[in-house]
Amino acid sequence: MTMKTSQNQLYGWLLLLPAIVFLVAFTYYPTIATLAKSFFSQGTALRSSEFVGLENYEYMLEDEVFWKVAWNNVIYAIFTIPTSIALALLMAIWVNGHLKFKSLTRMSFFIPTMLPMIAVANIWLFFYTPEIGLIDQISSSFGFASHNWLGDPDTVLGCIIAITVWKEAGFFMIFYLAALQTLSPELEEAARLEGASRWYYFRRIMFPLLMPTTLFVLINAVINSFKLVDQLFILTKGGPDNASSLLLYYIYEVAFSFLDQAYASTLTVVLLGALAVIAISQFVFLDKKVHYQ
């Protein structure tokens, strides 16, 4: 019995070994290495890297570009997260009802999610191009002047937000649609018999039952709002004057354009810490409102 138990344990660890190797190689080790590197200076061919303690973090607090990029990311998250989630919920409710061409509508909503980020950026680049872009072509027919949407600091971040909402809403819709299909139709029938309106049924019955899905979608939306690089690289490269630059793109610039991996590691640690705090806060404060069936 003991030998058989040992063999089963060995088989279990062998089955877990590939996952453990990937987790250590691509998650735990890079995280620890990044944290350690944030306490060292950037080495050069003539001077080796030296331990500098919190000097990189002090420099970050004085970095005006970092604060501008961080504020851009806050604005980007504030507008993309609730908008994409609300739109996803509305689309899921719509396609879950009695609708003609339901499958076609679902597919049309989900298509933006299947497109690669590079393809999405190029499609919207055609929309935003001054004079010849689709938006300017439509606006010019109403007598409006041409506008450089991606070259104006006042409009460039809004353009990036619109692209993100367009791409992510269909992805989140799938989770809401799956959750809606698990709800018993008897709940809605009972609510109608009691004279409840659609809004009352949604607010007091449907949405509370969708809270586990909402929590899952919310965490994914927050993470996605801090990891945008592809679209910025194609559309704006963070310009003009860092008006569209976000934290992860700034980290990319510092690491691969400025070749300062020590400071990039510092920014990465701060970003990971912020995401961890946000995720934990979401679980702590929203878990009380989640109703698990």
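Residues numbered from 1 in each chain as written. Predicted model: local features only at pLDDT ≥ 70, side-chain atom pairs only at ≥ 80, totals over all residues. Heavy atoms only, no water.

Caption draft 1: Structural detail: the overall build of the protein. The secondary structure content of the protein amounts to 13 helices and 0 strands. Ordered by position from N to C terminus, the α and β elements of the protein give α-α-α-α-α-α-α-α-α-α-α-α-α. Taking the principal axes of its C-alpha atoms as reference, the protein extends roughly 85 × 80 × 30 Å. Of all intrachain contacts in the protein linking residues separated by at least 6 positions in sequence, the fraction that spans at least 24 positions is 66%. Accessible surface, the protein as shown: approximately 18,000 Å² in total, 69% of it carbon and sulfur. A distance of 15 Å separates the average location of the 16 positive side-chain charges in the protein from that of its 20 negative side-chain charges. (Helix = DSSP H or I, 4+ residues; strand = E, 2+ residues; numbered from the N terminus. Contact = heavy atoms within 4.5 Å. Areas by Shrake-Rupley, 256 points an atom, 1.4 Å probe, with all protein chains shown as cover. Lys, Arg positive; Asp, Glu negative; His and termini not counted. Charge placed at Lys NZ, Arg CZ, Asp CG, Glu CD.)

Caption draft 2: Inspection of the layout of surface pockets at higher detail. One number sums up the size of the largest pocket: a volume of about 800 Å³. The wall of the largest pocket is formed by 22 residues, among which Ile-93, Asn-96, Gly-97, Glu-188 and Met-206 lie closest to the centre. Secondary structure elements with two or more residues in the lining of the largest pocket: helix H3 (64–96), helix H8 (185–193) and helix H9 (198–209). The element best represented in the lining of the largest pocket is H3, accounting for 6 residues. Among the residues forming the lining of the largest pocket, the class breakdown is 13 nonpolar, 5 polar and 4 charged. Empty space within the second largest pocket amounts to approximately 300 Å³. If you go around the second largest pocket, the residues you meet are Ala-33, Thr-34, Lys-37, Leu-248, Ile-251, Tyr-252, Ala-255, Phe-256, Gln-261, Ala-264, Ser-265 and Thr-268. Put simply, the parts of the chain that give the lining of the second largest pocket at least two residues each are helix H1 (2–37), helix H12 (247–257) and helix H13 (261–286). In terms of residues, the lining of the second largest pocket owes the most to one element, H12, which gives 5 residues. Among the residues making up the lining of the second largest pocket, the classes are represented as 7 nonpolar, 4 polar and 1 charged. (1 Å grid on protein atoms, 1.4 Å probe; cavity = no way out; pocket = protein on both sides within 12 Å on 5 of 7 lines; lining within 4 Å. Points joined across faces, edges and corners; volume = space filled by probe spheres on them. Nonpolar A, V, L, I, M, F, W, Y, C, P; charged D, E, K, R; others polar.)

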